[in-house]
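As a plain string of letters, each chain reads:
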Amino acid sequence: EAAVTQSPRNKVAVTGGKVTLSCNQTNNHNNMYWYRQDTGHGLRLIHYSYGAGSTEKGDIPDGYKASRPSQENFSLILELATPSQTSVYFCASGDINWGEQNTLYFGAGTRLSVL
Amino acid sequence: QQKVQQSPESLIVPEGAMTSLNCTFSDSASQYFAWYRQHSGKAPKALMSIFSNGEKEEGRFTIHLNKASLHFSLHIRDSQPSDSALYLCAVSTSSGSWQLIFGSGTQLTVMP
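Asker: Would you mind going over the interface of chain B and chain A with me for this structure?
Answerer: On the chain A side, the residues contacting the 25 residues of chain B number 23 residues. Summing both partners gives a buried area of about 1900 Å² for chain B against chain A, and 56% of it is carried by carbon and sulfur. The largest share of the area that chain B buries against chain A comes from Phe51(B), Trp98(B) and Phe102(B), three residues that together contribute 32% of it. The interface formed by chain B and chain A includes zero salt bridges. For the pair chain B and chain A, the number of links is four residue pairs in polar contact (both at pLDDT 80 or more). Sorting the residues of the side of chain B that touches chain A by element identifies β4 (33-38), β5 (45-50), β9 (85-92) and β10 (100-102) of chain B as the ones contributing at least two each. Residue composition of the side of chain B that touches chain A, grouped by class: 12 nonpolar, 10 polar and three charged.

Asker: How do you make sense of the environment of Arg36(A) when you look at a structure like this?
Answerer: Residues and elements named next belong to chain A. On the secondary structure map, Arg36 appears in strand β4 (residues 31-38). A C-alpha to C-alpha distance of 17 Å links Arg36 and Asn24, two positions 12 residues apart in sequence. Once residues lying within four places of it in the same chain are set aside, the contact partners of Arg36 are Gly42, Leu43, Arg44, Ile46, Ile60, Tyr64, Ser84, Gln85, Thr86, Ser87, Val88 and Tyr89. Here the side chain of Arg36 touches Thr86 through a polar contact of 3.5 Å, landing on its backbone oxygen.

Asker: What am I meant to see in the state of the cysteines here?
Answerer: Any covalent bond linking the sulfur atoms of two cysteines counts as a disulfide. Summed over the entire model, instances satisfying the criterion amount to two disulfides over all chains. The disulfide partner of Cys23(A) is Cys91(A), and the S-S distance across this bridge is 1.9 Å. Here the S-S torsion is close to -80 degrees, and the disulfide linking Cys23(A) with Cys91(A) is therefore left-handed. In this pair, Cys23(A) sits in strand β3 (residues 19-25) while Cys91(A) sits in strand β9 (residues 87-94), placing the two residues 68 residues apart along the sequence. The two residues Cys23(A) and Cys91(A) agree in class, both being buried. The disulfide bridge from Cys23(B) ends at Cys89(B), spanning 2.0 Å between sulfur atoms. Of note, the bridge from Cys23(B) to Cys89(B) carries an S-S torsion of about 65 degrees and is right-handed in sense. One end of the pair, Cys23(B), is in strand β3 (residues 19-25); the other, Cys89(B), is in strand β9, and 66 residues separate them in sequence.

Rules and cut-offs
- Residues numbered from 1 in each chain as written.
- Chains lettered and ligands numbered in written order.
- Predicted model: local features only at pLDDT ≥ 70, side-chain atom pairs only at ≥ 80, totals over all residues.
- Heavy atoms only, no water.
- Contact = heavy atoms within 4.5 Å.
- Buried area = accessible area lost by both parts, 1.4 Å probe.
- Salt bridge = Lys/Arg side-chain N within 4 Å of Asp/Glu carboxyl O.
- Polar contact = N/O pair within 3.5 Å; in protein donor to acceptor, adjacent residues only side chain to side chain.
- Helix = DSSP H or I, 4+ residues; strand = E, 2+ residues; numbered from the N terminus.
- Nonpolar A, V, L, I, M, F, W, Y, C, P; charged D, E, K, R; others polar.
- Disulfide = S-S within 2.5 Å.
- Buried < 20%, exposed > 50% of the residue type's maximum accessible area, 1.4 Å probe, protein only.

Written out as structure tokens, the structure is:
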């Protein structure tokens with residue numbers, strides 16, 4: 001089973017503070033993704049990456065930066081956290097080959113509260 | 001931009017019933033369609049996927065895909081209390097970058 005680990009699992013931050021969410025995968029997948037989940041919105045894509053050194057904007061990138069320093073690690077950075085960024089954040093990895101193996105494997109999530 | 005919508009938002013069914021969940025999408029060029037299941041407080045986990053029009057069955061679960069009508073569905077036969085979860089449909093983008101766009105989910109409760 002593919003393994004994706006997120007840290008921290010819970011985080012309380014102050015408005016205007018900097019927050020870094022970390023994600024590590026041991027699956028050797030090329031693609032990694034950051035989603036946020038809010039009631040009534042499902043999973044919304046923030047940033048994604050095709051490999052080390054690459055980051056791309058998803059549907060809701062404003063207020064977020066991403067960093068992919070290696071194949072295994074993908075971070076989401078909130079430079080100036082706001083209460084509207086209170087949410088549950090999920091990291092996912094997957095290899096995309098337009099065949100049957102397009103499954104995304106999700107981490108357990110990080111619950112972020114910005115006060 | 002791909003739009004994905006699910007219905008109903010929530011559903012309560014008795015144990016043993018047939019459950020049907022619906023998903024519509026806006027981009028007819030999409031190639032990959034999937035259902036994910038998320039139990040309360042857990043990570044989403046892939047359930048089933050399909051590429052071409054038609055039907056695919058795995059155990060008690062069946063996916064139907066009709067690209068012309070921009071619709072696909074998940075059917076659960078003999079629903080069990082353990083099936084209670086949030087069900088998310090997902091559709092790939094048809095542009096050069098590969099992304100999965102998720103619907104807002106259907107909360108399913110199976111009553112024993």
